[in-house]
Amino acid sequence: MKLLQHEPSPVCGKSSVKKGLRAYAAAAPFVLPGLLLVLAFVIYPMFFTIRIALSEYRIVQGEITFIGLENFKNVLSGGSRFWYAYRNNFLYALVTVPFILLGGMLFAYLINNLRRGQTIFRVGFYLPVITSWVIVSLVFQYMFNNSDRGLINYLLVDVLHVMDDYVPWLLREWAGNAAMRRRYWKNVGWSMLVYLAALQGIPKERYEAAELDGAGLWKKFWHITMPGLRPTTFYVMVNMIIGSFNVFIQVMMLTGGDPNGKTSVLQYLLYDRAFNQFEFGEASAIGMISAVTIVALTIILNRVFKLDNVEQEG
């Protein structure tokens, strides 16, 4: 006896389509405003930037002439200024990101184990995060002033007598170190807060089970805390790397790329090409190179942290 195969009736198919359309219509008022904003301020500017990067853009005349990869060739072969900026962004990330990660993780771990005063320490560490970069830059400009008016020079020469003469900190290549120190001070609090939330999300039952098995403090940290913080570490690291390639205000206010562009970064070079030299095509090419670099580093980090395997195991 053959089994009868029931085909879905056209009426049933139409009703399911109508239900789906009604569901989309109900969700549209909530989704459309955000979607329109993303299209207007993210998608359209992104494609327009790609177009300008491949064109000669005369902003006054409003003319856009396609020239292919010429802007990228000009940027990459335009001398050492671009490569100094590109190198400085990598150095900025390489030097600052590990310290921000370790500092945030350490302070979060210590604060999480406090019985009293957690709120005071959280607020104290987070205050630099909400401080304006302009204010921070002015403070550090005063601290590293090249003359006797600078706090660092005053302490080293006039108070401690460690040095015989005042050091022109902001006129030398290591002036970028001042920008790096500012980033430690300003971003460790953000990293601490994110890690603190992640630590409080790890079930206490895991630590209790480890104690019953005789695990010490180090084993609990290595086998429970560290694996639990792996997605958070990836999130913090990616955000800090993106921030490293978006450095602009601190370099502009502290060094202006001097001496001879050795403290310049990609965003400052982009600003200089666009608004000082009016080479918008080359500026867009620099922005594209920065974006591709960030995407490539994110993919590499995702492979290193193996987050896909972590999600499947979870």
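Anything mentioned here points back to the structure above.
### Section: the side chain of Ser137
Within the secondary structure, Ser137 sits in helix α5 (residues 133–143). At a separation of 2.7 Å, a polar atom in the side chain of Ser137 contacts the main-chain carbonyl oxygen of Trp133.

### As for the pattern of salt bridges
Going through the model one piece at a time under the given rule, you end up with 5 salt bridges. Of the charged contacts, one joins Glu63 and Arg58 as a salt bridge, the two residues approaching to 3.5 Å between their closest N and O atoms. Lys73 is the salt-bridge partner of Glu70, the closest N and O atoms lying 3.9 Å from each other. Of this pair, Glu70 and Lys73 both sit in helix α2 (residues 70–76), 3 residues apart, roughly one helical turn.

### Remarks on the packing of aromatic side chains
Per the stated rule, a full pass over the model turns up 21 aromatic pairs. Pairwise contacts between aromatic rings join Tyr44, Phe48, Tyr57, Phe248, Tyr268, Tyr271, Phe275, Phe278 and Phe280 into one cluster. If you follow Lys186 out to its NZ or CZ, it ends over the ring of Trp133, 5.1 Å from the centre.

### Some thoughts on the environment of Met105
With respect to the helices and strands, the residue Met105 is situated in helix α3 (residues 80–112). Here the alpha-carbon distance between Met105 and Arg183, two residues 78 residues apart in the chain, equals 16 Å. Sequence-distant contacts of Met105, that is, excluding residues within four places in its chain, are made with Tyr195, Phe221, Met226, Leu229 and Thr233.

Cut-offs applied
Residues numbered from 1 in each chain as written. Predicted model: local features only at pLDDT ≥ 70, side-chain atom pairs only at ≥ 80, totals over all residues. Heavy atoms only, no water. Helix = DSSP H or I, 4+ residues; strand = E, 2+ residues; numbered from the N terminus. Polar contact = N/O pair within 3.5 Å; in protein donor to acceptor, adjacent residues only side chain to side chain. Salt bridge = Lys/Arg side-chain N within 4 Å of Asp/Glu carboxyl O. Phe/Tyr/Trp six-rings, centres within 6.5 Å; stacked < 30°, edge-to-face > 60°. Lys NZ or Arg CZ within 6 Å of the ring centre and 35° of its normal. Contact = heavy atoms within 4.5 Å.

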